Amino acid sequence: MAAPQAAVKGPGRKRAVVTFWPQYLAISPFYVLFAVFMLGPVLFSLYLAFHKWDGLGPMHYTGLQNFRFLVKDSLFWQSLTNTFAIWFLSTVPMLFLALVLAAMLNASVRFGGFYRVAYFVPNVTSLVAVAIFFGSVFANQVGLINDVLRWLHIPAVGWMTGSFTVKLVIASLITWQWTGYNAIIYLAGMQAIDSELYEAARIDGAGPVQCFRRITIPQLRPIILFTVIMSAIGSMQTFTEPQVLFGSTDATNPDTGGPGHAGLTTVLYLYREAFDFNQYGYGAAIAWALFLVILLFTAINWGMVTRFGRRRAG
Amino acid sequence: MSQAVSDKSIPATRVGRAERARRANQRAGARRRVQRIALHLLLLAGVLVSMFPFYWTAVMATNTTEDMYRNPPALVPGTHLLHNVHRVFQNIDFLGSLLNTVIVSSATTLLVLFIDSLAAFTFAKFEFPGNRMLFRFLLLTLMLPAQLSLIPRFVLMVQIHWAGTLNSLIFPGVANAFGIFWMRQYIQGAVPDELLQAARLDGCGFMRQYWHVALPAVRPALAFLGIYTFITTWNDYAWPLIALINPKKVTLQVALAQLNTAHHTDYSMVMAGTLLAVLPLVVVFILFARQFIRDVMKGALRG
């Protein structure tokens, strides 16, 4: 790092603040805003998690009661299961397709710019709009998908009512929106691989498939790790998709997240407990429980990708 | 086609070999061509999947809902767009919510660009006590998931009477550690120390070094961060849904969701609203897309 201004020695912190006041002032907005809108609220939510509060009346300290209730709350566990199911159903096809797309983009030179833009556009499209669209094409009665199935003389599927199909709809939405983005990320990684590696392999008689498995995949390992981790963190926080797909004008929607809560994700559950039912303390407890789940799940993903990669390379 | 070999000009004994080599070459060329065509067909199939929702949204938005309920439904764009749009305007305050979204996205973007580039410039080019530690702390803040602060942040907004106002959307979004990280990386490479030194010798203070030397040199990075921030803010849904407690004063995304919740069986109307809400941003994005995607790719390699 460059050091155009000599660092102060000795005279102590007071001098530093005096000498460098423009610098401290320049970086302060971030820290002030962060303290007010993030750090403060995060600490307060930890405090809230041990209380019962409806947002208006007095707070009651309840110790671990929120967490004791959480462990036995079948709806919380169902929301976690739903979230993981949606993660699995979306991440696996998404990253696989992205890898294939990236390999194809890497192989073709012409129209590369056009393809990239076309694949990236879903990612910048409003999630609310995409959810409304998927809700309409997967509609049970008059959706396009069922129209096509009927035309093919296949019985229509109750997409928006089945426990599994609801998750499938949400997962396909996520896949549509993020495959192109991940393909672009993989493509960046592929273009950075030293072409001499491939030439050497070709001289040794390796085919394209072997090259892909022995060179591309191992070389992409850090980027694959990045996409796996980001997808895990992202899908653990799925909220808008089920909220829009199964939105209701009734605030005490008995079927939040679809029939039988089939698409109720943990963040949607948190939202319902806090903002529909005014259970702020319990909502905060759910938020912290989810935070721990995300930490644990990220660590597991990290371990799996790095170990898997090492075995491949070795 | 490869160049024709005239049989007469080559001695009879060699014709066979030359002819065989030529055919082998042709076969290899043909195989490559078939492969290339297959590759583009596959890639085009992907484009079709990517683009189909836009087409189908347009089909639904330009036909009547009855056309969509028929079996088979209308498959090509119709002529009822204006009628559908008119009904959207009757059901939600489309222009009002569009204006709110434009205000929030622009204000957030401008504040992020100024605050982040100034902080990034300071971190990248000045050695002051605590520089490294403060920057490390900033990176750590990226690890905090948003939902941890959700409930208390809403309580805070109610207490300072910001709930229901656009302020509640703008200011929390400005504390953007990613932007500072991104800009710092860029400034380290794009702003030469010699230039800053020269500016200092000319009597430029801290702010003038930032404004006259650093900012002009980092315009491409500002463009990327600006587009990224604008799009993310424009599309944000969860926080506006919570913070805007007055259902009459909302952003475009929230209004769109309200429209869908209340009238989701009236496809053509809902889709006309969706089309209007999506199209401007997508068109603007496409104008800047190539450079933006290049920056995303560069960023991926740094991560």
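Predicted model only: the values in this text are computed from it and were never measured. The numbering scheme is per chain: residues are counted from 1 as the chain's sequence reads. Whichever chain is written first is A, and whichever ligand is written first is 1; the rest continue in order. Since the coordinates come from a predicted model, pLDDT governs what is reported: local features require at least 70, and pairs of side-chain atoms require 80 or more to be given and counted, while whole-chain, interface and lining totals use all residues.

## A word on the overall build of chain A
Part 1 of the argument: What counts as a helix is a DSSP run of H or I of at least four residues, what counts as a strand is a run of E of at least two, and both are numbered from the N terminus. Along its length, chain A carries 14 helices and 2 strands.
Part 2 of the argument: Between the two quantities, the radius of gyration covers C-alpha atoms and the globule rule is 2.2 Å times the number of residues to the power 0.38. Computed over C-alpha atoms, the radius of gyration of chain A comes to 25 Å, more than 25% over the 20 Å expected from 2.2 N^0.38 for 314 residues, which places it beyond the range of a compact globule.
Part 3 of the argument: Referenced to the eigenvectors of the C-alpha coordinate spread, the extents of chain A come out at roughly 80 × 75 × 35 Å.
Part 4 of the argument: In this scheme every C-beta is placed from the backbone, and a residue whose C-beta has 20 or more other C-beta atoms within 10 Å is buried, one with 12 or fewer is exposed, and one in between is partly exposed. Residues classed as buried in chain A amount to 41% of the 314 residues present.

## Section: helix α11 (residues 221–236) of chain A
Part 1 of the argument: Here, expected helix span is obtained from the residue count minus one, scaled by 1.5 Å. Taking 1.5 Å as the rise per residue, α11 of chain A with 16 residues should run 22 Å; its terminal C-alpha atoms sit 22 Å apart, in good agreement.
Part 2 of the argument: For α11 of chain A, every residue scored as buried is listed here: Ile223, Ile224, Thr227, Ser231, Ser235 and Met236 of chain A.

## Let's talk about the interface of chain B and chain A
Part 1 of the argument: Each residue is represented by a C-beta atom placed from its backbone, and any two residues with such atoms within 7 Å are regarded as in contact. Taken residue by residue, the interface counts 79 residues in chain B and 80 residues in chain A.
Part 2 of the argument: Sort the elements by how many residues they give to the side of chain B that touches chain A and helix α14 (residues 267–302) of chain B lands first, with 16 residues.
Part 3 of the argument: Here the nonpolar group is Ala, Val, Leu, Ile, Met, Phe, Trp, Tyr, Cys and Pro; Asp, Glu, Lys and Arg are the charged ones; every other residue, Gly included, is treated as polar. Split by residue class, the side of chain B that touches chain A holds 57 nonpolar, 17 polar and 5 charged.

## With respect to unusual backbone geometry
Residue and element names in this part refer to chain A.
Part 1 of the argument: The backbone of Phe111 shows a phi angle near 60 degrees, a positive value even though the residue is not glycine.
Part 2 of the argument: Turning to its location among the elements, Phe111 is positioned in the loop between α4 (74–107) and α5 (112–124).
Part 3 of the argument: When the 14 C-beta atoms within 10 Å are taken as the criterion, Phe111 is described as partly exposed.
Part 4 of the argument: The residue His261 is not glycine, and still its phi comes out positive at about 60 degrees.
Part 5 of the argument: Mapped onto the elements of the fold, His261 is located in the loop between α12 (240–245) and α13 (266–276).

## Some points on the packing of helix α6 (residues 127–137) of chain A against helix α8 (residues 163–191) of chain A
All names here are of chain A.
Part 1 of the argument: Simply put, an axis is a line fit to the C-alpha atoms, just over the touching stretch for a helix, and the angle between two N-to-C directions goes from 0 to 180 degrees. Where α6 meets α8, the closest approach of the two axes is 10 Å, and the angle between their N-to-C directions is 130 degrees. With respect to α8, the axis of α6 lies oblique. Considering how the two elements wind past one another, α6 and α8 form a crossing that is right-handed. Residue-level contacts link Val130, Ala131 and Phe134 of α6 to Val169, Leu173 and Gln177 of α8. Roughly parallel means an angle under 35 degrees; roughly antiparallel, over 145; roughly perpendicular, 65 to 115; everything else is oblique. We call a crossing left-handed when the near helix sits turned anticlockwise from the far one by less than a right angle, and right-handed when that turn is clockwise.

## Points about the domain arrangement of chain B
Part 1 of the argument: A domain assignment, automatic or from a database, supplies the domain bounds used here. The domain boundaries assigned to chain B delineate domain 1 (2–50) and domain 2 (92–258).
Part 2 of the argument: Computed from C-alpha coordinates alone, the two centres of domain 1 of chain B and domain 2 of chain B are separated by 55 Å.

## Concerning the UniProt feature "transmembrane region" (unreviewed entry) in chain A
All names here are of chain A.
Part 1 of the argument: UniProt positions are given in the numbering used here, feature names are shortened, and annotations may be inferred rather than shown by experiment. Following the UniProt record, the feature "transmembrane region" (unreviewed entry) maps to residues 30–50, 84–105, 117–139, 151–176, 223–240 and 280–302 here.
Part 2 of the argument: With 83% helix and 0% strand, the stretch residues 117–139 has end C-alpha atoms that lie 29 Å from each other.
Part 3 of the argument: As a span, residues 280–302 carries 100% helix and 0% strand, and end to end its C-alpha atoms are 33 Å apart.

## As for the UniProt feature "transmembrane region" (unreviewed entry) in chain B
All names here are of chain B.
Part 1 of the argument: Annotation from UniProt places "transmembrane region" (unreviewed entry) at residues 37–56, 98–121, 133–154, 160–182, 210–231 and 267–289.
Part 2 of the argument: Annotated as residues 160–182, this span is 61% helix and 0% strand, and its ends, taken at the C-alpha atoms, are 32 Å apart.
Part 3 of the argument: Segment residues 210–231 splits into 95% helix and 0% strand. End C-alpha atoms: 26 Å apart.

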